[in-house]
Amino acid sequence: AKAPVNVTVTGAAGQIGYALLFRIASGQLLGVDTPVRLRLLEIPQAIKAAEGTAMELDDCAFPLLAGVDIYDDPRKAFDGVNVALLVGARPRTKGMERRDLLEANGGIFGPQGAAINDGAADDVRVLVVGNPANTNALIAQAHAPDIPADRFTAMTRLDHNRALSQLAAKLNVSVSDIKKLTIWGNHSATQYPDIFHAEVNGRSAVEAVNDEEWLRDTFIPTVAKRGAAIIEARGASSAASAANAAIDHVYDWVNGTPEGDWTSVALPSDGSYGVPEGLVSSFPVVSRNGSWEIVQGLEINEFSRERIDASVRELEEEREAVRALGLI
Ligand code: NAX
């Protein structure tokens, strides 16, 4: 039998945590032949709630679940970790400036990055979900100099899945008919969902849509503002769909992306497509042999260039701000 994989989930008592843990324990994160040991990290006030979730995990009697441990100390929670899902973050509260938000999150993701650096297994993979996800990933990565930078990623898979679904609805096709869609840039309102390279049943998606106004004034803003629309409708932010995207992200990272398609992941730039090196920005990627590779050689038209640059500019501003605060 395979040895259990250590999966640490931060913010485990939160709403995404609740939607995520049961799917991990059932085998959907890594595959149905891989046992997992869950390690939940929470702040002291939420430990009791995490214990309640752990009781429910017990009650599912998942054959693949090798154990559940609960911690309020990142050093312990990340000891020996193979997959780290950084979900817990400091949310923006009313009247909070961006500077305060970045500073509060620096206080979380800096120490967590250092704990991962010191304690993680050699094959560690990190996915940051907690917002501002790209810059939180940048902060964690900056505190983990001994780990290859490309093991630190931030989640734009939810945006990717939202874009797939919107485009499929517009063209009246199934999401599985669509390939090669891309989210570029920041997981924020400036993100750019790009369909110029996308294919629908093998033909150009842009030609199939044939409606630049829809693309510009409906598709892009609908995808970028979907999070706000969910809050408006549900009275709470996306949880099950965010957990689903985290599962998709890690599953593909470990098991590979299908031939003839790609997905979207925010990872430290190697300078591809003019994105400054080191910025954690979303790219079209494939997963091969357990690593992400940025898809190279795509032609970027003027419409796309403008939008990629705007989102990357926002990421540069965030990086400047966390630098000025001494967080990286
Ligand atoms: P909740 O507020 O329900 O849960 C967050 C949990 O994190 C809480 O239980 C809290 O106690 C815990 N926490 C806070 N600081 C912690 C720390 N230092 N260590 C460990 N745990 C800590 O939020 P939820 O709805 O679960 O969302 C979690 C994060 O995901 C938020 O930052 C949210 O903005 C972000 N999202 C990111 C998305 C993405 O696509 N990248 C989409 C969904 C979501 O909005």
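It should be noted that the structure appears before, not after, this text.
Basis of the calculations
- Residues numbered from 1 in each chain as written.
- Predicted model: local features only at pLDDT ≥ 70, side-chain atom pairs only at ≥ 80, totals over all residues.
- Heavy atoms only, no water.
- Near = heavy atom within 4 Å.
- Polar contact = N/O pair within 3.5 Å; in protein donor to acceptor, adjacent residues only side chain to side chain.
- Helix = DSSP H or I, 4+ residues; strand = E, 2+ residues; numbered from the N terminus.
- Nonpolar A, V, L, I, M, F, W, Y, C, P; charged D, E, K, R; others polar.
- Expected span 1.5 Å × (residues − 1).
- Buried < 20%, exposed > 50% of the residue type's maximum accessible area, 1.4 Å probe, protein only.
- Contact = heavy atoms within 4.5 Å.
- Phe/Tyr/Trp six-rings, centres within 6.5 Å; stacked < 30°, edge-to-face > 60°.

Where do I start with the site of the ligand in this structure?
Neighbouring the ligand are 23 residues, the closest being Gln-15, Ile-16, Glu-42, Val-129 and Asn-131. One of the side-chain N or O atoms of Glu-42 is found 2.6 Å from an oxygen atom in the ligand. Note that an oxygen atom of the ligand is positioned 3.3 Å from one of the side-chain N or O atoms of His-187. Secondary-structure elements contributing two or more residues to the shell around the ligand are α1 (15-25) and α4 (98-119). Across the shell around the ligand, the residue classes break down as 12 nonpolar, 10 polar and 1 charged.

Hey, could you run me through helix α11 (residues 302-324) in this one?
For the α-helix, the turn length of 3.6 residues means that residues three or four positions removed from each other point alike. The terminal C-alpha atoms of α11 lie 32 Å apart, and with 23 residues this matches the ideal 33 Å at 1.5 Å per residue to within 8%. Residues of α11 that are buried include every one of Phe-303, Ser-304, Ile-308, Ser-311, Val-312, Glu-314, Leu-315, Glu-318, Arg-319 and Val-322, and no others. In this structure, the buried side of α11 is in contact with α4, α5 (133-142), β8 (182-184), β9 (192-194), α8 (212-224) and β13 (280-288).

Please clarify how the side chain of Thr-34 should be interpreted in this entry.
Note that Thr-34 resides in the loop between α1 and β2 (36-41). Given the relative accessible area of 7%, Thr-34 is considered buried. One polar contact links Thr-34 to Lys-2, side chain to side chain, over a distance of 3.2 Å. For Thr-34, the contacting residues outside a window of four places in its chain are Lys-2, Val-5 and Leu-64.

Would you mind showing me how to read the packing of aromatic side chains here?
The relative placement of two aromatic rings is captured by the distance of their centres and the angle of their planes. All chains considered together, the criterion is met by 7 aromatic pairs. Plain terms: the ring middles of Trp-184 and Tyr-273 are 5.0 Å apart, the flat faces sit at 75° to each other, and that makes the pair edge-to-face. Here Trp-184 is found in strand β8, whereas its partner Tyr-273 is found in the loop between β12 (263-268) and β13, with 89 residues between them in sequence. Here Trp-184 and Tyr-273 have matching classes, each one buried. Ring plane angle 70° and centroid distance 6.2 Å describe the contact between Trp-184 and Phe-283, whose orientation is recorded as edge-to-face.

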